[in-house]
Amino acid sequence: MSLLVVGTVAYDAIETPFGKTDKILGGAATYISLAASYFTKNINLVSVVGGDFDKKYLEILKKHHVNTDGIQIKENEKTFFWAGKYHIDMNTRDTLDTQLNVLADFNPIVPDNMRNPDFLMLGNLMPSLQMKVLNQMKERPKLVVLDTMNFWIEVAIEDLLKVISRVDVLTINDEEARLLSNEYSLVKAAQKILDLGPKYLIIKKGEHGALLFNKEQVFFAPALPLEEVFDPTGAGDSFAGGFIGYLAQTKDISFENLKRAIIFGSATASFCVEKFGTERLIGLSQEEVDERVQEFINLVQFDISLVD
Ligand code: AMP
C-alpha cells in the first residue's frame, strides 16, 4: 500500500550531554520515511530543501525505497535549520534556533502520481501547508495521521485546529497535549482533543512510552528501557514512521492493529535514540528490527489468571 509523507527535510545542530553536532541530516519527514521504510517499500516524500542540501542524503533516502521526486530543490535558498539542546534528563529540550529559510515560502505541490496514497502522514510542518497537501488528495486516503509540535500550537493555532479536525490520528507529546487542551490530566486532555475531530489520539511520553486513545478505549505501550539514550531527536517522528509504515504494510486500521502499530513505532524510535540524528535509522537489518520488536513483546507479556 502506498504511503505519502510530507514534512521537513532539514539540517539540525544538536547538543546533548554526550556531545554536539554540526549541521547534520534531520527533519521530521526524513525520520518518518526512514522509519517507515522498514515496513513498506512504497513511500513518496514531499518536502523542500535549499541549494546547500547535500545530494548524498537524497541517495540515502532512495536506498531506503523513498521516492524523492516530490522534494523541491530551491537552488538559491537555504535548507530549513533547527538547533536544539537537551537537558541532562534527556526528556526536555530547548529549541535554540529555528530558521525557516526555504520553508517560509514553500508551496507543497504534490506530483500528480502521488495524489492518491492509501496512507497519508502529515509530518511536522506549518499547519497551513499540511492542509494544502490534504486538499490535493484525489480521494480521501484510508488513514490520515498528523504530527505537530509546541511551536505550531503557539504560532498557528487557528490553522492547526482546522487541519486537526480533518485527520484520523493525531500524534503529539504529553507537553503538547497539555498545551493544546489546557488540561493537566492526560485523560481529560485526550477527551478534549478527540472532541476536535480525530478518531484517535496518540500521546508520546518519551522514555515513559505512549498512550493511544479513542473515545471509549485507551492502550499503553512502554518505551524500551535502554541503558543509554544518546540523542532523542527524531524519536517522535521515528515512532510515527514505524506506526504508519506498519499500518501500510498490514492494511488494517482497526483499534487492535493500531495497538500493534504502536509497538512497531516504539521499536523504531528505540533505535533512533541510540546514536546522533538519523545515524542509527540508516541501514538496519530486518533481523535487528525483528529482535527489537521481540524485546518489546517480552517486556510486556505476563500471565495472570484471576480467581474468585
Ligand atoms: P522530534 O525530535 O521527533 O520532535 O523531531 C525533531 C525534528 O523535527 C528535527 O529533525 C527538526 O529538523 C524538526 N523540526 C524542528 N522544529 C520544527 C518545526 N517547527 N517544524 C517542522 N519540523 C521541525
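Whatever comes next refers back to the structure up there.
Bear in mind the structure is a predicted one, so any value in this text is a computation, not a measurement.

Undergrad: Kindly report on the overall build of the chain, identifying the contributing residues and their values.
TA: Looking only at helices and strands, the chain has ten helices and 14 strands in total. Scaling as 2.2 N^0.38, a compact globule of 308 residues should have a C-alpha radius of gyration of about 19 Å, and the chain matches this with 18 Å. Projected onto its principal axes, the C-alpha coordinates of the chain cover approximately 75 × 40 × 35 Å. Expressed as a percentage of its 308 residues, the buried residues of the chain come to 54%. Restricting the contact set of the chain to residue pairs at least 6 apart, pairs at least 24 apart contribute 65%. Of the roughly 13700 Å² that the chain leaves accessible, carbon and sulfur atoms contribute 50%. Where the 31 positive side-chain charges of the chain centre and where its 43 negative ones centre are 5 Å apart.

Undergrad: Quick one: what's the story with the packing of helix α9 (residues 255-272) against helix α10 (residues 286-300), residue by residue and with numbers?
TA: Describing two packed helices takes the angle between their axes plus the distance from one axis to the other. Two numbers describe how α9 lies on α10: the axes approach to 9 Å, and their chain directions differ by 115 degrees. As for the relative orientation of α9 and α10, their crossing is right-handed in sense. Facing I263, F264, S266, A267, S270 and F271 of α9, the residues of α10 in contact are E288, V289, R292, V293 and F296.

Undergrad: Summarise the pattern of salt bridges; cite the residues concerned and give the values.
TA: According to the stated counting rule, one finds 14 salt bridges in the structure shown. Notably, a salt bridge pairs K204 with D147, separated by 3.2 Å at the nearest N-O pair. Residue K204 is found in strand β12 (residues 200-204), and its partner D147 is found in strand β10 (residues 143-147); the two are separated by 57 residues along the sequence. Here K204 matches D147 in class, with each residue buried. In this structure, R280 engages E288 in a salt bridge whose closest nitrogen and oxygen atoms are separated by 3.4 Å. Exposure remark for E288: the relative accessible area of 28% places this residue in the partly exposed category. Sharing partners across several salt bridges, the network here consists of E274, R280, E288, R292 and E295.

Undergrad: Got a sec to walk through the nonpolar core? Specific residues and values, please.
TA: Membership of the largest hydrophobic core comes to 57 residues, with the highest contact counts inside it found for L3, F53, M121, I202 and F243. Counting residues per element, this core draws most heavily on α9, which supplies ten residues. In this structure, V46, A156, A177 and F213 belong to the second largest nonpolar core, which totals 47 residues.

Undergrad: A description of the site of the ligand should follow, citing residues and the corresponding values.
TA: Looking at the ligand, there are 19 residues lining it, with D12, G27, R93, G234 and D237 nearest. G27 has a polar backbone atom sitting 2.7 Å from an oxygen atom of the ligand. Contact distances for the ligand include 2.9 Å between an oxygen atom and a side-chain N or O atom of R93. Considering the ligand on its own, with 500 Å² of exposed area, one finds that the protein chains cover 94% of that surface. When contributions to the shell around the ligand are tallied by element, the ones reaching two or more residues are β2 (10-16), α4 (150-155) and α8 (235-250).

Undergrad: I'd like a description of the sheet that holds strand β14 (residues 218-221), backed by residues and values.
TA: The strand order across the open sheet built from nine strands is β6-β5-β1-β9-β10-β11-β12-β13-β14, with neighbouring strands paired in mixed fashion. Taken across any chain shown, the strands that pair with only one partner, and hence form the sheet edges, are β6 (66-74) and β14. Sheet twist, expressed as the mean angle between neighbouring strand axes with direction ignored, is 15 degrees. In this sheet, β10 lies alongside strand β9 (residues 119-122) in parallel orientation, the contact comprising four bridges. Residue pairing for β10: F119 is matched across the bridge by L143. Lying over the sheet, helix α6 (residues 174-181) contacts β11 (169-173) and β12, oriented at roughly 110 degrees with respect to β11. Along the sheet, α8 contacts β1 (3-6), β9, β10, β11, β12 and β13 (210-213); its crossing angle with β9, the most-contacted strand, is approximately 175 degrees.

What counts and how
- Numbers given to residues run from 1 along each chain, matching the order in which its sequence is written.
- Local features are withheld for residues below a pLDDT of 70 in this predicted model, meaning they are given only at 70 or higher, and side-chain atom pairs are given and counted only at 80 or more; totals for whole chains, interfaces and linings count all residues.
- Side-chain metrics rest on all non-hydrogen atoms present in the structure, leaving aside hydrogens and water.
- Think of it this way: any DSSP run of H or I at least four residues long counts as a helix, any run of E at least two long counts as a strand, and we number them from the N terminus.
- For this measure, only C-alpha atoms enter the radius of gyration; the expected value for a globule follows 2.2 Å times N^0.38, where N is the number of residues.
- A simple rule labels every residue: compare its accessible area, found with a 1.4 Å probe on the protein chains alone, to the largest value its type can have, and call it buried under 20%, exposed over 50%, or partly exposed in between.
- Note on contacts: a residue pair qualifies if any of its non-hydrogen atoms lie within 4.5 Å across the two residues.
- Methods summary: accessible areas were calculated by the Shrake-Rupley approach with a probe of 1.4 Å, and residue burial reflects only the protein chains presented.
- Charged-residue counts in this description rest on Lys and Arg as positive and Asp and Glu as negative, His and the chain ends being excluded.
- Charge positions come from single atoms, namely NZ of Lys, CZ of Arg, CG of Asp or CD of Glu.
- Fitted lines through C-alpha atoms give the axes, limited to the stretch in contact for helices. The angle between two N-to-C directions lies from 0 to 180 degrees.
- A clockwise turn of the near helix away from the far one marks a right-handed crossing, whereas an anticlockwise turn of less than a right angle marks a left-handed crossing.
- Any carboxyl oxygen of Asp or Glu within 4 Å of a side-chain nitrogen of Lys or Arg constitutes a salt bridge here.
- Nine residue types can take part in a nonpolar core, namely buried Ala, Val, Leu, Ile, Met, Phe, Trp, Tyr and Cys, and a core is a set of them joined through side-chain atoms within 4.5 Å.
- Residue proximity to a molecule or strand is established when one non-hydrogen atom of the residue lies within 4 Å of it.
- Polar contacts, as counted here, are pairs of nitrogen or oxygen atoms within 3.5 Å of one another; within protein the pair requires one atom able to donate a hydrogen and one able to accept it, and residues that are adjacent in sequence qualify only if both atoms are side-chain atoms.
- Note: two strands are recorded as paired if DSSP finds a minimum of 2 bridges between them.

Any functional reading would require information beyond the geometric quantities listed.
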